[in-house]
Structures are given as C-alpha cells and as structure tokens.
Amino acid sequence: MAKVKMLNMQGLEAGSIELSNEVFGIEPNEAAVHAVVKNYLANQRQGTQSALTRSEVRGGGRKPFRQKGTGRHRQGSSTDPSQIGGGVVFAPKPRDYRYTLPKKLRRLAMKSILSSKVAEKEIIVLDELKFDEPKTKEMIKVLENVKAAKKALIVTAEKDDNVVKSAANIPGVRTALVGTMNVYEIVNHTSFIVTKEAVKKIEEVYK
C-alpha cells in the first residue's frame, strides 16, 4: 500500500494515510482513460444542429435561367447545393450522440486516473475540510496553504454546502462528491484534493 501524507487546512502535516493498491496503485491504462473521456464529451453534445437539404429548401420549381445562350453552366433548380441559397449536401440533422461503455472499462479508467494522480504526486489528502459559513477567502487560503494548482478538483464524502459555496466563485476550482466525480474532471484538473473520509468511500466503491 502506498503511504501519502495528510495535511490539515493550514497546510501542516497531520499524519499519513495508506492508499489501497487496488484503487490507487494499479498500472494506468491510458486507452481506457481516453475511451471514457471521449464518451463523456460525446454524451455532453446537444446534437441540435440542423441544415436544409435541397428537397427542404423553398423554391426550385422553375428553371432559374434558360439552358443555352447565357454563358453560364446549365442549371435546372435554384435549390441545387451549388447555388447561393441552395440546400446543403449531407446536411447535419438533430441526433443523439450518447453511447454507453462497459462498466468494467469505466471502473478501470477511474482506477487508472486515480493511480496516475498518486504516481504524479498530484493528489492532496486533507484530514478534514469544514467551514462555519461560506467564505471564498477562506477556501482560497486553504488552497494556498496546501499548494494546490490553479485548476483543482475538491472531492468530499458528503455534500457540504459551505464547502461548495466557498469554492463556487474561484476560477478553475470545482467540487464533487465521490458518487459524482468523473474521469474527465479528474483529468482536466491538475490538483486532486480529497478528504480522508472521501478516500475511504472511494476505496469502498472501487475495490
């Protein structure tokens, strides 16, 4: 088991924690991580783009100009894609881009990215993260104390409105629960800040 030092909100060492090799110590599978990130981005697409084909463009009943004698190419319809205001060839239509991946692959990707964060020393474990009231300044101070990067993901075991609201207005900082964190957000944030209780919950879920 890998040992990682724990910090308190003042940035001081508060003991250490052993991380499960099954979750935080596997050989990262880059292909699995890439597949899951690609899937996440595809599922975020709205798929509402739409354009008219030549059959949907209004008009086109009359030949635009005579066949010969104009010096122009022959043309039988104003809805032809080569004409200004004509239809679009293979026009995009509303569609659903969503697709699913096997559960085993999603779990492998999550374990891989968590292991990468440990290997690259981008994980910061806090003994606790609590505020008496929502205070953006206090959250900024904590992030500075633990030397977090500008882009940081904060993961807690249970929802804490004070923590969520304190981080809400800080650019590049996001909060998530163990049950809602995803591979894309972990990849997209340099620092992975997690509480001691959240670590236990992650190991329960992904062991």
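Residues numbered from 1 in each chain as written. Predicted model: local features only at pLDDT ≥ 70, side-chain atom pairs only at ≥ 80, totals over all residues. Heavy atoms only, no water.

**A word on unusual backbone geometry**
- Positive phi, close to 50°, is recorded for Phe90, a residue that is not glycine.
- Considering the arrangement of structural elements, one finds Phe90 in the loop between helix H2 (30-44) and helix H3 (103-119).
- Accessibility expressed as a relative area gives 79% for Phe90, which makes it exposed.
- Residue Lys147 is not a glycine yet carries a positive backbone phi of 55°.
- Within the secondary structure, Lys147 is located in the loop between helix H4 (136-145) and strand S4 (152-156).
- Classification of Lys147 as exposed rests on a relative accessible area of 74%. (Helix = DSSP H or I, 4+ residues; strand = E, 2+ residues; numbered from the N terminus. Buried < 20%, exposed > 50% of the residue type's maximum accessible area, 1.4 Å probe, protein only.)

**Quick word on the pattern of salt bridges**
- The final tally for this structure, using the stated rule, is 8 salt bridges.
- Measuring nitrogen to oxygen at the nearest pair gives 2.9 Å for the salt bridge that ties Lys117 to Glu122. (Salt bridge = Lys/Arg side-chain N within 4 Å of Asp/Glu carboxyl O.)

**With respect to the packing of H3 against helix H7 (residues 196-206)**
- Where H3 meets H7, the axes come as close as 11 Å, and the angle between the chain directions of the two elements is 145°. Read as a crossing pair, H3 and H7 show a hand that is left-handed. Of the residues in H7, those touching H3 at Arg107, Met110, Lys111 and Leu114 are Ile202, Val205 and Tyr206.
- Residues of the contact of H3 with H7, tallied by class, amount to 5 nonpolar, no polar and 2 charged. (Axes fitted to C-alpha atoms, helices over the stretch in contact; angles between N-to-C directions. Left-handed = near helix turned anticlockwise from the far one by under 90°. Contact = heavy atoms within 4.5 Å. Nonpolar A, V, L, I, M, F, W, Y, C, P; charged D, E, K, R; others polar.)

Note that all results are geometric; they support no functional claim without further evidence.
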